[in-house]
Amino acid sequence: MTTASAPGATTAGATLPGATLVTSEQSAERVAGQTDATTRRGAGPRVRRRGGVAWLGLTPFAAYVLLFLAVPAAIAVGSGFFDAAGHPTLANLAAFADPSVLRAFGASFGLSAGSAVIGAVVGALVCWALSALRPDGFVRSMIDSAASVLAQFGGVMLAFAFIATIGAQGLVTAWLAATFHWDINAGGAFLYTVPGLVIPYVYFQVPLMVLTFMPAFEGVKTQWGEAAATLGASRATYWRRVALPVLAPAFWGSLLLLFANGFSSFATAAALISQGGIVPLTIRAQLTSETIIGLQNVAGVLALGMVVVMAVVMGAYSLLQRRAARWQR
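Residues numbered from 1 in each chain as written. Predicted model: local features only at pLDDT ≥ 70, side-chain atom pairs only at ≥ 80, totals over all residues. Heavy atoms only, no water.

Enquirer: For the environment of L302, give the residues involved together with the corresponding values.
Expert: Structurally, L302 can be placed in helix 12 (residues 298-324). Counting along the chain gives 20 residues from L302 to T282, while the straight-line C-alpha distance between them is 8.2 Å. Apart from residues no more than four positions distant in its own chain, L302 is found in contact with V101, F105, V279, T282, I283 and Q286. (Helix = DSSP H or I, 4+ residues; strand = E, 2+ residues; numbered from the N terminus. Contact = heavy atoms within 4.5 Å.)

Okay, here's the thing in structure tokens:
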């Protein structure tokens, strides 16, 4: 006699499809969990080991920064807080009230600001022109390479180039005098003054602006202009309401970087000006001969002033770059 089985019933040794599915999923989850746990246990030491190797690779760079940057800076700044006998003192800080020191800082601020503004404006225009070129094109590659080289071109070589060009007997000076009867040095050798340093400083400020500001220009999407045009905005409105606000943090950050670059430059100025006039040259004068009577280690005090200025400028630059990076992702 055969007994009818109800739908869904099973005989001995048979398994419901649903039960089979649940069992397989649970088994897969258990296997996956065991595999993940095994992977984590095995990968943990490797990750930590790899991190330790990475830190070990940074050791030469850390040693270089410590020996050639941190320690000399600490010695230079710290020397301003000791007198001639080596006793700690704050009396040397009175050098900041000396008229010659104030004039040196004022000249450094003026030179750095002037060269930074000119370099930033000209460099921004160059970046705007380069934005129309293909990033992988020949002209763009050549200009990028030239900017990388010229941004580091300074010192005696740059000073000699400008002496041979617009010096007292320079090629351009002689040509202007012979052609237009105009002596650019009639009022004195302009190149050998603090205002005259703006010309060679701009020479390396413009390439530096191109290097630092070009990534921000590349971050401006063409789709933004197309969307603005679709909404009826003119080209001027797009630049005023969209592009310029996006580029503003990067522009001001690059301007601060140019200011810091000009404020700390020494070699070009030292090759053109024999006496003090800006803070780096005043520090050199203080190291060779104490020119402020009654105070010792004035060079360390001036170094402290430069460190404070550079810290403020670079802190502001870091904040602006962090804000500008939002649009470059």
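Enquirer: Lay out empty space enclosed by the protein in plain terms, naming residues and giving numbers.
Expert: Throughout the structure, instances matching the rule amount to two cavities of 30 Å³ or more. Counted as a void, the second largest cavity has a volume near 30 Å³. Looking at the second largest cavity, the residues that line it are S108, L111, S112, Y201, G262, F263, S265, I278 and P280. At the level of secondary structure, the elements contributing two or more residues to the lining of the second largest cavity comprise helix 3 (99-130) and helix 9 (235-264). (1 Å grid on protein atoms, 1.4 Å probe; cavity = no way out; pocket = protein on both sides within 12 Å on 5 of 7 lines; lining within 4 Å. Points joined across faces, edges and corners; volume = space filled by probe spheres on them.)

Enquirer: I'd like a rundown of the packing of aromatic side chains, residues and numbers included.
Expert: We describe a pair of aromatic rings using the distance from one ring centre to the other and the angle between the two ring planes. This model, assessed by the stated rule, comprises 14 aromatic pairs. Relative to F68, the ring of Y64 has its centre 5.4 Å away and its plane inclined at 35 degrees; by these criteria the two rings are tilted. Of this pair, Y64 and F68 are both found in helix 2 (residues 59-78), four residues apart, which corresponds to roughly one turn of the helix. Each ring, one from F217 and one from W239, has its centre 6.3 Å from the other, and the planes form 55 degrees; the classification is tilted. Taken together, the positions of F217 in helix 7 (residues 198-218) and W239 in helix 9 put the pair 22 residues apart, joining distant regions of the chain. Relative accessible area serves as the criterion here: at 10%, F217 is assigned to the buried category. By way of ring pairs, the aromatic residues F213, F217, Y238, W239, F251 and W252 are connected into one cluster. (Phe/Tyr/Trp six-rings, centres within 6.5 Å; stacked < 30°, edge-to-face > 60°. Buried < 20%, exposed > 50% of the residue type's maximum accessible area, 1.4 Å probe, protein only.)

Enquirer: Outline the layout of surface pockets, supporting the account with residue identities and numerical values.
Expert: In this structure, the largest pocket encloses a volume near 360 Å³. For the largest pocket, the lining is made up of 17 residues, of which S131, A132, F217, V220 and T222 are closest to its centre. Broken down by secondary-structure element, the contributors of at least two residues to the lining of the largest pocket are helix 3, helix 7, helix 8 (222-230) and helix 9. Residues belonging to the lining of the largest pocket are distributed by class as follows: 10 nonpolar, three polar and four charged. (Nonpolar A, V, L, I, M, F, W, Y, C, P; charged D, E, K, R; others polar.)

Enquirer: Explain a nonpolar patch on the surface residue by residue, including any values.
Expert: A cluster of nonpolar residues, F61, Y64, L66, L67, F68, L69, V71 and I75, forms a patch on the protein surface that exposes about 850 Å² of accessible area. Within the secondary structure, I75 is located in helix 2. Judged by its relative accessible area of 56%, I75 falls in the exposed class. (Patch = residues over 30% accessible without salt bridge, like charges linked within 9 Å, V, L, I, M, F, W, Y side chains within 5 Å. Areas by Shrake-Rupley, 256 points an atom, 1.4 Å probe, with all protein chains shown as cover. Salt bridge = Lys/Arg side-chain N within 4 Å of Asp/Glu carboxyl O.)

Enquirer: Can you lay out the pattern of salt bridges for me, pointing to particular residues and giving the numbers?
Expert: The tally for this structure, following the rule as stated, stands at three salt bridges. When the shortest N-O distance is used, the salt bridge between D144 and R140 registers 3.2 Å. Residue D144 and its partner R140 are located together in helix 4 (residues 138-150), separated by four residues, close to a single helical turn. According to the relative accessible area criterion, D144 is partly exposed, its value standing at 25%. For R140, a relative accessible area of 4% puts it in the buried group. The salt bridge involving R140 is made with E218; its shortest N-O contact spans 2.2 Å. With R140 in helix 4 and E218 in helix 7, this pair connects stretches of sequence that are 78 residues apart. Via salt bridges that share partners, R140, D144 and E218 belong to a single interconnected network.

Enquirer: So, the packing of helix 3 against helix 9: which residues are in play, and what are the values?
Expert: Viewed as axis vectors pointing N to C, helix 3 and helix 9 meet at an angle of 140 degrees, and their least axial separation amounts to 8 Å. Considering their axes alone, helix 3 and helix 9 lie oblique with respect to each other. Note on packing geometry: the crossing formed by helix 3 with helix 9 is right-handed. On the side of helix 3, the interface is formed by F105, S108, F109, S112, A113, A116, V117, G119, A120, A124 and W128, while helix 9 contributes W239, F251, L255, L258, F259, G262 and F263. Residue composition of the contact of helix 3 with helix 9, by class: 14 nonpolar, four polar and no charged. (Axes fitted to C-alpha atoms, helices over the stretch in contact; angles between N-to-C directions. Parallel < 35°, antiparallel > 145°, perpendicular 65-115°, else oblique. Left-handed = near helix turned anticlockwise from the far one by under 90°.)

Enquirer: I'd like a rundown of unusual backbone geometry, residues and numbers included.
Expert: Of note, H181 is a non-glycine position whose phi angle comes to about 55 degrees, a positive value. Along the chain, the position of H181 falls in the loop between helix 6 (171-180) and helix 7. You can call H181 exposed: its relative accessible area is 70%.

Enquirer: Explain the nonpolar core to me, using residue names and the numbers behind them.
Expert: Soluble globular proteins tend to bury their nonpolar side chains together. Counting 41 residues, the largest nonpolar core has M209, F213, V279 and L302 as the members making the most contacts within it. Within the residue set of this core, elements represented by two or more residues are helix 3, helix 7, helix 9, helix 11 (279-288) and helix 12. Membership of the second largest hydrophobic core comes to 18 residues, among which are I166, L272, I278 and L281. (Core = buried A, V, L, I, M, F, W, Y, C linked by side-chain atoms within 4.5 Å.)

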